[in-house]
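One letter stands for each residue in the lines below.
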Amino acid sequence: MVEGPHGPVPVRRYAARTGAARGTTLVWLHGGGFFRGDLDLPEAHAVAGALADRGLDVVTVDYRLAPLPGFPFVGRRGARGRRHHPVPNDDVRAVLAEVRAAADGPVFLGGASAGACLAAAVTLALPEDRRPDGLVLAYGFFHARTPRDPAVLRSVRGHRRVTHHPVLLDLANRNHVGRAGDGDTAFPGGTDPSGMPRTLMVDAEHDTMRASGDRFAAELRAAGVDVERHVLAAARHAFLNRPGSPDSDRALDLVSAWAARSSGA
């Protein structure tokens, strides 16, 4: 547990086993549309274990989830109840601060999908001297209103043509913020990202959210941020939730290689 401003935040630590990035820590955030997911999700547990095998110390964060869309009062009671933004960001910020205070080497912050949004939003809101040494963003979305790119939408196949339709993604974003929430601090896209640390982005070609990744990468580069971006051909959203798949293995290799290069920079 890490003490945060809203109570204890559960974390799970994975020690690096070997590798060029040994001594570097990645604080990692799972996805789930802000309202689902936990430390046992493959996108958290399997990813962290695989990166530890590749030489990174990893800390996964059980940040508080938003209320269920359409059922705002379900699960709101108790110390670990569901909460809107900025509570999840505050949870992440508390864990990041503790990890940075104890670390002997570089500390990166990263996440997948909604976790990538949280990682970027938390970093942008911090003073530059308290920001992580780098960001790792996997198939994230970063704008309160999902950019509409017809070519990207046509590339999406299967059930995600419906579940990841931009209208539904926008509803999930509004649910994360709540009626009285501050969308400007919840979503880093469309703001001035000057001073953000070096960033690795790994996106999926056939993913509605890639339109937001395209735009956010351009915004970072326009602000002079060091961005390395890969769009995995033929990949679909949430490939890190499919451990052992070619897309997942490729992405994890990219993360570990980038971390090793960035740790010595």
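Before any of the text, the structure's been laid out above.
Reading the values: rules and limits
- Residues numbered from 1 in each chain as written.
- Predicted model: local features only at pLDDT ≥ 70, side-chain atom pairs only at ≥ 80, totals over all residues.
- Heavy atoms only, no water.
- Helix = DSSP H or I, 4+ residues; strand = E, 2+ residues; numbered from the N terminus.
- Rg over C-alpha atoms; globule rule 2.2 N^0.38 Å.
- Buried < 20%, exposed > 50% of the residue type's maximum accessible area, 1.4 Å probe, protein only.
- Contact = heavy atoms within 4.5 Å.
- Areas by Shrake-Rupley, 256 points an atom, 1.4 Å probe, with all protein chains shown as cover.
- Lys, Arg positive; Asp, Glu negative; His and termini not counted.
- Charge placed at Lys NZ, Arg CZ, Asp CG, Glu CD.
- Expected span 1.5 Å × (residues − 1).
- Pairing = 2+ DSSP bridges.
- Right-handed = clockwise from strand over helix to strand, strands pointing away.
- Salt bridge = Lys/Arg side-chain N within 4 Å of Asp/Glu carboxyl O.
- Patch = residues over 30% accessible without salt bridge, like charges linked within 9 Å, V, L, I, M, F, W, Y side chains within 5 Å.
- Core = buried A, V, L, I, M, F, W, Y, C linked by side-chain atoms within 4.5 Å.

**Here we look at the overall build of the protein**
Link 1 in the chain: Within the protein one finds 9 helices and 9 strands.
Link 2 in the chain: Computed over the C-alpha atoms, the radius of gyration of the protein is 17 Å, within 12% of the 18 Å expected from 2.2 N^0.38 for a compact globule of 265 residues.
Link 3 in the chain: Seen through its principal axes, the protein has C-alpha atoms that stretch 45 × 45 × 35 Å.
Link 4 in the chain: For the protein, the residues scored as buried account for 54% of the 265 residues in total.
Link 5 in the chain: Of the contacts made within the protein by residues no fewer than 6 positions apart, 78% connect residues no fewer than 24 positions apart.
Link 6 in the chain: For the protein, the exposed surface amounts to about 11,200 Å²; the carbon and sulfur share of it is 53%.
Link 7 in the chain: Looking at charge distribution, the protein has the averaged site of its 33 positive side-chain charges lying 6 Å from that of its 29 negative ones.

**Quick look at helix H2 (residues 87-102)**
Link 1 in the chain: Its 16 residues place the ends of H2 23 Å apart at the C-alpha level, agreeing with the 22 Å of an ideal helix rising 1.5 Å per residue.
Link 2 in the chain: By the burial criterion, the buried members of H2 are Val87, Pro88, Asn89, Asp90, Asp91, Val92, Ala94, Val95, Leu96 and Val99.

**Structural notes on the pairing of strand E7 (residues 134-138)**
Link 1 in the chain: Counting buried positions along E7 yields 5 of 5 residues, so the element is predominantly enclosed.
Link 2 in the chain: Here E7 shows no split at all, with Gly134, Val136 and Ala138 on one side and Leu135 and Leu137 on the other all buried.
Link 3 in the chain: Where strand E6 (residues 107-112) lies against E7, 5 bridges are found, and the strand directions are parallel. Each residue of the ladder has a partner; that of leucine 109, found in E7, is leucine 135.
Link 4 in the chain: Taken together, E6, helix H3 (residues 114-125) and E7 form a β-α-β motif whose crossover is right-handed.
Link 5 in the chain: Sheet analysis places E7 next to strand E8 (residues 199-206), joined by 4 bridges and oriented parallel. Note that in E8 the partner of leucine 137 across the bridge is methionine 201.

**Thoughts on the pattern of salt bridges**
Link 1 in the chain: Using the criterion set out here, one finds 12 salt bridges in the structure.
Link 2 in the chain: Between arginine 64 and aspartate 91 there is a salt bridge, with the nearest N and O atoms lying 2.8 Å from each other. Here arginine 64, found in the loop between strand E5 (57-61) and H2, pairs with aspartate 91, found in helix H2; they are 27 residues apart in sequence, far enough to count as distant. For the pair arginine 64 and aspartate 91, a shared accessibility class is recorded, and that class is buried.
Link 3 in the chain: A salt bridge links arginine 198 to aspartate 226, with the shortest nitrogen-to-oxygen separation between them at 3.5 Å. Taken together, the residues span a long stretch of sequence, with arginine 198 in the loop between helix H7 (183-186) and E8 and aspartate 226 in the loop between helix H8 (210-222) and strand E9 (227-236) at a distance of 28 residues.
Link 4 in the chain: A relative accessible area of 29% means that arginine 198 is categorised as partly exposed.
Link 5 in the chain: Three or more residues joined by partner-sharing salt bridges are found here, namely Asp203, Arg210, Asp214 and Arg229.

**Quick notes on a nonpolar patch on the surface**
Link 1 in the chain: On the surface, Val162, Val167, Leu168 and Leu171 cluster together into a nonpolar patch covering about 340 Å² of accessible area.
Link 2 in the chain: Looking at the nonpolar patch element by element, the count peaks at 3 residues for helix H6 (residues 166-177).
Link 3 in the chain: Here valine 162 is to be found in helix H5 (residues 160-163).
Link 4 in the chain: In this structure valine 162 comes out as exposed when scored by relative accessible area, which is 57%.

**As for the nonpolar core**
Link 1 in the chain: In this structure, Val27, Leu29, Phe34, Val95, Leu109, Leu137 and Met201 are the most contacted members of the largest nonpolar core, which totals 42 residues.
Link 2 in the chain: Those elements that place two or more of their residues in this core are strand E4 (25-29), E5, H2, E6, H3, E7, H6 and H8.
Link 3 in the chain: The contact partners of leucine 29, leaving out residues within four places of it in the chain, are Val61, Tyr63, Val92, Leu109, Gly110, Gly111, Ala112, Gly115, Leu118 and Ala119.
Link 4 in the chain: Membership of the second largest hydrophobic core comes to 29 residues, among which are Trp28, Val47, Ala48 and Ala112.

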